[in-house]
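One-letter residues, chain by chain:
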Amino acid sequence: MDPMLIYKALSNETRSQILQWLKHPEQFFDEKPYVQQGLSFRIGVCVGDIQAKAGLAQSVISSYLAAMQKAGLLESERIGKWTYYRRNEKTIAQFVEYVQNQL
């Protein structure tokens, strides 16, 4: 875990919102299409859904997700041609512990 990468990733409001949305995706995204495909939010949320919610270009969202994944805040899973993102709770917990102990 690199705290500086995490701070940088969280310094952008949209990236912080994405992390919040992925904490409880059922509150922010429609699960019906996932269920119809035999999926659930446990695998994550599709990039297209995150992009639609954020209202930004897919290229911007993709770069945001890549930065968050590089920081260890997100994990991804590719199913077919779609990529799904979810929070990396282990890294988030390590970061919380770091902040509590170091600051």
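Report on the accompanying structure. Keep in mind that this is a model prediction, so the values were computed, not measured.

**Side note on the packing of helix α5 (residues 47–54) against helix α6 (residues 58–70)**
- Taken N-terminus to C-terminus, the directions of α5 and α6 make an angle of 110°; their axes are 9 Å apart at the nearest point. The pairing of α5 with α6 is recorded here as roughly perpendicular in orientation. Crossing of α5 against α6: the hand is right-handed. Residue-level inspection shows Val47, Ile50, Gln51 and Ala54 of α5 in contact with α6, the latter providing Gln58, Ile61, Ser62 and Leu65.
- The residue makeup of the contact of α5 with α6, split by class, is five nonpolar, three polar and no charged.

**Some thoughts on the packing of helix α1 (residues 3–10) against helix α7 (residues 89–102)**
- One can describe the packing of α1 onto α7 by two numbers: an axis separation of 11 Å at closest approach and a directional angle of 100°. Here α1 is positioned roughly perpendicular relative to α7, judged by the angle of their axes. Contacts between α1 and α7 involve Pro3, Ile6, Tyr7 and Leu10 from the first element and Thr91, Phe95, Tyr98 and Val99 from the second.

**Some words on a negative patch on the surface**
- Taken together, the side chains of Glu26, Asp30, Glu31 and Asp49 make up a negatively charged region of the molecular surface.
- With respect to the element layout, Glu31 can be found in the loop between α3 (25–28) and α4 (32–36).
- According to the relative accessible area criterion, Glu31 is partly exposed, its value standing at 30%.

**Structural notes on the pattern of salt bridges**
- Within the structure shown, the criterion is met by three salt bridges.
- Between Glu77 and Arg86 there is a salt bridge, with its nearest N and O atoms 3.4 Å apart.
- Given the relative accessible area of 23%, Arg86 is considered partly exposed.
- Of the charged contacts in the structure, one is a salt bridge between Arg87 and Glu89, with a shortest N-O distance of 2.6 Å.
- Residue classification places Arg87 among the buried residues on the basis of a relative accessible area of 12%.
- Taking relative accessible area as the criterion, Glu89 reaches 45% and is therefore assigned partly exposed.
- Through salt bridges that share partners, Glu75, Glu77 and Arg86 make up one connected network.

Calculation rules
- Residues numbered from 1 in each chain as written.
- Predicted model: local features only at pLDDT ≥ 70, side-chain atom pairs only at ≥ 80, totals over all residues.
- Heavy atoms only, no water.
- Axes fitted to C-alpha atoms, helices over the stretch in contact; angles between N-to-C directions.
- Helix = DSSP H or I, 4+ residues; strand = E, 2+ residues; numbered from the N terminus.
- Parallel < 35°, antiparallel > 145°, perpendicular 65-115°, else oblique.
- Left-handed = near helix turned anticlockwise from the far one by under 90°.
- Contact = heavy atoms within 4.5 Å.
- Nonpolar A, V, L, I, M, F, W, Y, C, P; charged D, E, K, R; others polar.
- Patch = residues over 30% accessible without salt bridge, like charges linked within 9 Å, V, L, I, M, F, W, Y side chains within 5 Å.
- Areas by Shrake-Rupley, 256 points an atom, 1.4 Å probe, with all protein chains shown as cover.
- Salt bridge = Lys/Arg side-chain N within 4 Å of Asp/Glu carboxyl O.
- Lys, Arg positive; Asp, Glu negative; His and termini not counted.
- Charge placed at Lys NZ, Arg CZ, Asp CG, Glu CD.
- Buried < 20%, exposed > 50% of the residue type's maximum accessible area, 1.4 Å probe, protein only.

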